[in-house]
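# Working through the structure, step by step
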Amino acid sequence: MNKDTFGANTICTHVGEVADEQFKGAVSPIFPSSSYAYENVDVKRYPRYFNTPNQEALCKKIAALEKTEEALIFGSGMAAISTTMLAFLHKGDHVVLQKTLYGGTYNFVVEEFDKFGIEYSFTEGFRKEDFEEKIQQNTKVLFVETPSNPLMLITDLKMISGLAKEHGLVSMIDNTFASPINQTPADFGIDIMLHSATKYMGGHSDICAGAVAASEEHIKTIWNVAKNLGGSLSDYTVWLLERSMKTMKLRVKAQNRNAKKLAKWLQQHPKVEKVYYPGLKDHPDYALAKEQMKGYSGMLSFELKEGLNASNFMKSLHLIKESMSLAGVESTILSPAKTSHALLTVEERKRQGISEELMRFSVGIEDKKDLIADLEQALDKL
Ligand SMILES: *Cc1c(COP(=O)(O)O)cnc(C)c1O
């Protein structure tokens, strides 16, 4: 059978399975060896070469989901992102990055790039002109993240890949928030897809991992650096991640559905000022999201009416947990002003559109009625 014609549920369930030749078991056996025979074998297998049987198998699943030739998995999302950027950016090169990136990516760039002699510019906005005005003679990479955190703004993927082609650049996207279920950027010509597999791919808040998907040629370039930096993922976690990914489409679809319904419910509540969700018709990027996304994701953010206290609201929630991470089957909520954007001044946050009342909501798979009941009783207490 041809895996190119498989739907995402079939890919999640089956692609890259390791056959249990010995006992015909239903799931992939784990091969935890860090030492393999080297005589008379073509491939020198070693965990840090990213080529143990379990690593190779899971990469097939991720590549099939992202519609690329190949993939690599890492010990964290940041290992995937840092390794990939360092593979394409050399001393004297320049990268244009979208403003409002994940905090860890931002820190990696501003804390490490000077040491390597790599130049960088952040855009002022999300439009073509914003990216174009930052491109220089020595620019090699365009880096975007869409939907963005926490306001769920959308970057036009076709525009980005067009700019990259026009200027001979490599385009990279952090596709974590959408997951490959909701967005396959390769369809729009993006070269390299990055993931924190800690989020939707893992989906149960119990795995830390990362992934990159791209052409065979690009993966080779990344692998050459990856084997030196050594950010490989343990085979035990690889196996858990394979197990988790079998239900990824089911989970993400349920999260999309819940998020859309909760976004609409929150929007009509008198104590809620504003809801940011790309699946709402009044979101500024709704048309673009509709064009390039298959679902609008389980992430949304919202603001309480001015003067209502977000911390008190979150403390009153029973079912929805206050938590830093996202994309698990359980619903979680946080205040960007107190966490991801805590180091900025109130003024700087305001400039980025992040008010003190804003909350980021990662919607889980619980029953909608129970989530609404929880939100309602906490809003009533304000
Ligand atoms: C969590 C996250 C990362 C970093 O992933 P880790 O697995 O924590 O290293 C990168 N990008 C986005 C969008 C994330 O949410």
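Residues numbered from 1 in each chain as written. Predicted model: local features only at pLDDT ≥ 70, side-chain atom pairs only at ≥ 80, totals over all residues. Heavy atoms only, no water.

## Section: the nonpolar core
Basically, it comes down to this: Buried Ala, Val, Leu, Ile, Met, Phe, Trp, Tyr and Cys residues that are joined via side-chain atoms within 4.5 Å together make up what is termed a nonpolar core. Buried, partly exposed and exposed residues are distinguished by accessible area as a fraction of the type maximum, computed with a 1.4 Å probe on protein chains only: under 20%, between the cut-offs, and over 50%, respectively. Secondary structure elements follow DSSP: runs of H or I no shorter than four residues count as helices, runs of E no shorter than two count as strands, and numbering proceeds from the N terminus. Throughout the structure description, domain borders are defined by an automatic or database domain assignment.
Ile62, Ile73, Phe131, Leu142, Leu241, Met245 and Met248 are the most contacted members of the largest nonpolar core, which has 45 residues in total. Broken down by secondary-structure element, the contributors of at least two residues to this core are helix H1 (8–14), helix H2 (53–66), strand E1 (70–74), strand E4 (139–145), helix H6 (157–167), strand E7 (210–214), helix H9 (235–245) and helix H10 (248–267). In terms of residues, this core owes the most to one element, H2, which gives six residues. Structurally, this core is a two-domain feature, drawing no fewer than three residues from each of domain 1 (3–245) and domain 2 (248–380). One finds Trp265, Leu266, Val272 and Leu371 within the second-largest nonpolar core, a separate group that totals 33 residues.

## Description of helix H3 (residues 77–88)
The line we're drawing: Here a helix's expected span is defined as the number of its residues, less one, multiplied by 1.5 Å. Side-chain atoms alone can form a polar contact between residues adjacent in sequence; in general such a contact is a pair of N or O atoms within 3.5 Å, and within protein one must be able to donate a hydrogen while the other accepts it.
Here H3 spans 17 Å end to end across twelve residues, near enough to the 16 Å set by a 1.5 Å rise per residue. Counting buried residues in H3 gives eleven out of twelve residues, a clear majority hidden from the surface. All buried positions along H3 are accounted for by Gly77, Ala79, Ala80, Ile81, Ser82, Thr83, Thr84, Met85, Leu86, Ala87 and Phe88. For H3, the N-terminal capping position is held by Ser76, with its side-chain oxygen 3.4 Å away from the main-chain nitrogen of Met78.

## Some remarks on the site of the ligand
In plain terms, the rule: Think of it this way: one heavy atom of a residue within 4 Å of a molecule or strand is enough to make that residue near it. Note on areas: Shrake-Rupley with a 1.4 Å probe; residue coverage comes only from the protein chains shown. Only Asp, Glu, Lys and Arg are considered charged, only Ala, Val, Leu, Ile, Met, Phe, Trp, Tyr, Cys and Pro nonpolar, and every remaining residue, Gly among them, polar.
The environment of the ligand is formed by 14 residues, the closest being Gly77, Met78, Asp174, Thr198 and Lys199. Met78 is positioned such that a nitrogen or oxygen atom in its backbone is 2.8 Å from an oxygen atom of the ligand. At 2.6 Å from a nitrogen atom of the ligand is found a side-chain nitrogen or oxygen belonging to Asp174. Coverage of the ligand by the protein chains reaches 92% of its 380 Å² of free accessible surface. Top element by residues in the shell around the ligand is H3. It accounts for three residues. When its residues are assigned to classes, the shell around the ligand shows six nonpolar, five polar and three charged.

## Here's the deal with the domain arrangement of the protein
For interface size, the figure often reported is the accessible area lost on association. As a reminder of what qualifies: Working rule for contacts: check all heavy atoms of both residues, and any pair within 4.5 Å makes them a contact. Accessible area that two parts lose when put together, evaluated with a 1.4 Å probe and summed over both, is termed the buried area. Should a side-chain nitrogen of Lys or Arg be within 4 Å of a carboxyl oxygen of Asp or Glu, the pair is scored as a salt bridge.
Its domain assignment divides the protein into domain 1 (3–245) and domain 2 (248–380). Here the C-alpha centroids of domain 1 and domain 2 sit 26 Å apart. Listed per partner, the contact involves 36 residues of domain 1 and 38 residues of domain 2. Summing both partners gives a buried area of about 3100 Å² for domain 1 against domain 2, and 60% of it is carried by carbon and sulfur. Between domain 1 and domain 2 we count one salt bridge in total. The salt bridge involving Lys158 is made with Glu291; its shortest N-O contact spans 3.6 Å.

## A word on the packing of aromatic side chains
Short version of the rule: For this analysis, a ring pair means two rings from Phe, Tyr or Trp (six-membered ring only for Trp) whose centres lie within 6.5 Å, classed as stacked if their planes differ by under 30 degrees, edge-to-face if by over 60, and tilted for the remaining angles.
Within the structure shown, the criterion is met by eleven aromatic pairs. Ring geometry for Tyr49 and Trp223: centres 6.1 Å apart, planes at 65 degrees, overall edge-to-face. One end of the pair, Tyr49, is in the loop between H1 and H2; the other, Trp223, is in helix H8 (residues 216–229), and 174 residues separate them in sequence. Accessibility expressed as a relative area gives 26% for Trp223, which makes it partly exposed. Taken together, the ring pairs in this structure connect Tyr106, Phe108, Phe113, Tyr120 and Phe122 into an aromatic cluster.

## Things to note about the environment of Asp285
Mapped onto the elements, Asp285 comes out in the loop between strand E8 (272–276) and helix H11 (286–292). Looking at Asp285, the relative accessible area reads 16%, which means it is buried. Beyond its immediate chain neighbours, meaning those up to four positions away, Asp285 contacts Leu153 and Ile154.

## Things to note about the sheet that holds E1
The criterion, for reference: Here, a strand pair is defined by DSSP locating no fewer than two bridges between the strands. What counts as an axis is a line fitted to C-alpha atoms, over the stretch in contact for a helix, and the angles between N-to-C directions run from 0 to 180 degrees.
Pairing is mixed in the open sheet, where seven strands are placed in the order E1-E7-E6-E5-E4-E2-E3. What marks the edges here is a single partner per strand, and that holds for E1 and strand E3 (119–122). For this sheet, the mean inter-axis angle between neighbouring strands, taken without regard to orientation, is 20 degrees. Bridge count for strand E6 (residues 192–196) against E7 is four bridges, and the pairing is antiparallel.

## Notes on a positive patch on the surface
Keep this limit in mind: Like-charged residues within 9 Å of one another, or nonpolar side chains (Val, Leu, Ile, Met, Phe, Trp, Tyr) within 5 Å, are grouped into patches, provided each residue has over 30% relative accessible area and no salt bridge. For the charge count, each Lys or Arg is scored as positive and each Asp or Glu as negative, with His and the chain ends excluded. Taken as the charge location is NZ of Lys, CZ of Arg, CG of Asp or CD of Glu.
Positive charge collects at one region of the surface, where Lys253, Arg257, Lys261, Lys294 and Lys368 lie side by side. Top element by residues in the positive patch is H10. It accounts for three residues. With relative accessibility at 32%, the residue Lys253 sits in the partly exposed group.

## Details of the environment of Lys338
Its location among the elements puts Lys338 in the loop between strand E11 (332–334) and helix H13 (346–351). Taking the relative accessible area as the measure of exposure, Lys338 reaches 58% and is therefore exposed. Once the C-alpha coordinates of Lys338 and Gly75 are considered, the two residues, 263 residues apart in sequence, prove to be 27 Å apart. Within the local environment of Lys338, its side chain forms a polar contact with the side chain of Ser311, the two groups lying 3.5 Å apart.

## Some words on the pairing of strand E12 (residues 358–362)
E12 sits mainly inside the fold: five of its five residues count as buried. As paired strands, strand E9 (residues 299–304) and E12 are joined by five bridges and run antiparallel to one another. Across the sheet, Leu300 pairs through a bridge with Phe361, a residue of E12. Alignment of E11 against E12, held across three bridges, turns out to be antiparallel. By the bridge assignment, Leu334 is partnered in E12 with Arg360.

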